[in-house]
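Next come the chains, spelled out residue by residue.
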Amino acid sequence: MTDSSRRWRLVLGRYAERSMPTAHTLDKADQRVDRVLGHLYDRGYADRGHRHARGTGGGLDPSAITALTWLHLAGELFPRSTVERMQRQAIEEYGMTDLLADPEVVEALDPSPELASALLAVRGRLDPGLEAGIRRLIERVVAQVVARIRPRFTSAFLGRRNRHRRSPLPVAQNFDALGTIRENLRHYDPQSGRLVVQRLRFDARVRRRLTWDVILLVDQSGSMASSVLYSAVCAGIMSALPGVQLRLLLFDTAVADLTHLAADPVAVLMTAQLGGGTDIAGALRTAESMVHSPARTVVMVVSDFEEGGSVTDLVATTRRLRTAGVTLLGLAALDEQANPVHDPVVAGRLAAVGMEIAALTPDHLAEWLAEVMR
């Protein structure tokens, strides 16, 4: 078998053998790959009514390999990025819900944000008996995302760095590299060409004393699963920050006030109901009714800006809020490659009446918010 025909055989799967010019025998290593790929992708053939005979009997046999064995084999044979994609496709496209029914399998799944987003997108169509497995997987993903993002929010919202005051606390975010070099120049050894650092310098921070109201509006229409995931995590972090009073609203054509759950991102995600239309104007009107101190209020809209209602009404509400002195931020949805996915025409009209529009990863959201809330 040529390398080209071998690759085609693995790509097309065993159900394509009868359509190939010659029979192809796979070696033992390729048989392992074929077994893992077949357990997932042969389901596509089965959905189209294909059957594959073996000996005197025929039929589909994906059950010959268990979900746990499939995960372990996939992890051995493919890079992590490939396994993550296969896991997502298994649940989102091929209905392999047995991955969520066994606690041992759930623990073996790679808890990627992409997999969690896929679960959120299809959760309403899954058996309620899988709820525990879904929750456990989302808990693991949330814990990872919080660990990555929280330091940025903590650093940004504790206050700006004061380079004229030193801090006794050796915090990495406050490390003053240039100040440390200047302070230790007298310890430079010309013979070895090395700078002997005897004392590190850290900057103090100026704490924020003013309180801001942040009203976070999160679009939960069907295409927003990934953005809902990250928004819930950011809301949980912000709800614990000093100087921030957070209101969390999820919306499609209706608005759900989840402020009481904001401190628990997992609870927010298990409550979210992705799907339906989009009424950004209605969500903004709800936020408008909550504004008490416009000059100290930020209304942030996380959306793809695919407005299903009146764009004219949306623009008018945005202009009214901005005229009142409210700070308006629009965060465009991102795809899995962090590319903006939004309606540029609607976003442009909102920007024209005073809403700042940006396409940022969650890692950079903290700095943006801290900058407008100085």
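Please refer to the structure placed before this passage.
Source: prediction; values computed, not measured.

Cut-off values and rules
Residues numbered from 1 in each chain as written. Predicted model: local features only at pLDDT ≥ 70, side-chain atom pairs only at ≥ 80, totals over all residues. Heavy atoms only, no water. Helix = DSSP H or I, 4+ residues; strand = E, 2+ residues; numbered from the N terminus. Buried < 20%, exposed > 50% of the residue type's maximum accessible area, 1.4 Å probe, protein only. Contact = heavy atoms within 4.5 Å. Areas by Shrake-Rupley, 256 points an atom, 1.4 Å probe, with all protein chains shown as cover. Axes fitted to C-alpha atoms, helices over the stretch in contact; angles between N-to-C directions. Parallel < 35°, antiparallel > 145°, perpendicular 65-115°, else oblique. Left-handed = near helix turned anticlockwise from the far one by under 90°. Nonpolar A, V, L, I, M, F, W, Y, C, P; charged D, E, K, R; others polar. Core = buried A, V, L, I, M, F, W, Y, C linked by side-chain atoms within 4.5 Å. Salt bridge = Lys/Arg side-chain N within 4 Å of Asp/Glu carboxyl O. Pairing = 2+ DSSP bridges. Right-handed = clockwise from strand over helix to strand, strands pointing away. Polar contact = N/O pair within 3.5 Å; in protein donor to acceptor, adjacent residues only side chain to side chain.

1. With respect to the overall build of the protein
Thought 1: Counting its regular elements, the protein contains 15 helices and twelve strands.
Thought 2: Here the protein, with 374 residues, has 47% of them falling under the buried criterion.
Thought 3: Sequence separation of at least 24 residues holds for 75% of the intrachain contacts in the protein that already meet a minimum separation of 6.
Thought 4: Counting every atom, the protein has about 18,900 Å² of accessible surface; 52% of that belongs to carbon and sulfur.

2. Observations concerning unusual backbone geometry
Thought 1: In this structure, F305 is a non-glycine residue whose phi angle is positive, near 60°.
Thought 2: Topologically, F305 is positioned in the loop between β10 (297-303) and α13 (311-323).
Thought 3: Judged by relative accessible area, which is 0%, F305 ranks as buried.

3. A look at the packing of helix α8 (residues 131-157) against helix α15 (residues 362-372)
Thought 1: Relative to each other, α8 and α15 sit at 10°, their axes nearing to 8 Å. It follows from the interaxial angle that α8 and α15 lie roughly parallel. Viewed along their axes, α8 and α15 form a crossing whose handedness is right-handed. Of α15, the residues touching α8 (which contributes R148, I149, R152, F153, A156 and F157) are P362, D363, H364, L365, A366, E367, L369 and A370.
Thought 2: Tallied by class, the residues present in the contact of α8 with α15 amount to nine nonpolar, one polar and four charged.

4. Some words on the nonpolar core
Thought 1: Among the nonpolar cores identified, the biggest contains 84 residues, and W70, L99, F153 and L369 are the most heavily contacted of them.
Thought 2: Per element, the largest residue contribution to this core is eleven residues, and it comes from α8.
Thought 3: With residues near it in sequence (within four places) discarded, L99 still touches A67, W70, L71, A90, I91, V105, V106 and L109.
Thought 4: Membership of the second largest hydrophobic core comes to 25 residues, among which are V315, A347, V353 and M355.

5. Some remarks on the packing of helix α7 (residues 113-122) against helix α10 (residues 225-238)
Thought 1: In contact at an axis separation of 8 Å, α7 and α10 are set at 110° when each is read in the N-to-C sense. Judged by the angle between their axes, α7 and α10 are roughly perpendicular. Judged by the sense of rotation from one axis to the other, the crossing of α7 with α10 is right-handed. Here α7 contributes P113, A116, S117, L120 and A121 to the contact with α10, which in turn contributes A225, S226, L229 and Y230.
Thought 2: Considered class by class, the residues forming the contact of α7 with α10 number seven nonpolar, two polar and no charged.

6. Looking at the pattern of salt bridges
Thought 1: Inspection of the entire model under this criterion finds ten salt bridges.
Thought 2: R80 is the partner of D110 in a salt bridge, and the nearest nitrogen-oxygen pair spans 2.7 Å. Here R80 lies in helix α4 (residues 80-92) and D110 lies in the loop between α6 (103-108) and α7, a separation of 30 residues in the sequence.
Thought 3: For D110, a relative accessible area of 15% translates into the label buried.
Thought 4: Where E139 meets R136, a salt bridge forms, and the shortest distance between an N and an O atom there is 3.6 Å.

7. Description of the environment of L195
Thought 1: Tracing the sequence through the fold places L195 in strand β5 (residues 194-195).
Thought 2: When the C-alpha positions of L195 and L185 are compared, they lie 6.9 Å apart, and in sequence the two are ten residues distant.

8. A look at the pairing of strand β11 (residues 327-332)
Thought 1: Within β11, six of the six residues are buried, leaving the element largely enclosed by the surrounding structure.
Thought 2: Of the two faces of β11, both are covered, the one formed by T327, L329 and L331 as well as the one formed by L328, G330 and A332.
Thought 3: By the bridge criterion, six bridges tie β10 to β11 in an arrangement that is parallel. If you follow M300 over to β11, its bridge partner there is L329.
Thought 4: Regarding topology, α13 serves as the crossover connection from β10 to the parallel β11, and that connection is right-handed.

9. Structural notes on the side chain of T318
Thought 1: Mapping T318 onto the fold places it in helix α13.
Thought 2: Polar side-chain contacts of T318 include one of 2.8 Å to the backbone oxygen of L314.
Thought 3: Once residues lying within four places of it in the same chain are set aside, the contact partners of T318 are L284, L328, L350, V353 and M355.

10. Topic: the sheet that holds strand β9 (residues 255-257)
Thought 1: The strand order across the open sheet formed by six strands is β9-β8-β7-β10-β11-β12, and the pairing between neighbours is mixed. The open sheet is flanked by β9 and β12 (356-358), the only strands paired with a single partner. Along the sheet, successive strands turn relative to each other by an average axial angle of 20°, direction set aside.

11. Looking at helix α12 (residues 280-288)
Thought 1: Along α12, the positions that sit buried rather than exposed are I280, A281, G282, A283, L284 and A287.
Thought 2: In this structure, the buried residues of α12 make contact with β7 (212-219), β8 (244-251), β9, β10 and α13.

12. Things to note about the environment of V105
Thought 1: Structurally, V105 can be placed in helix α6.
Thought 2: Residue classification places V105 among the buried positions, given a relative accessible area of 2%.
Thought 3: Residues contacting V105, with those up to four places away along its chain left out, are A67, L68, L71 and L99.

Treat this as a map of the structure, not an account of what it does.
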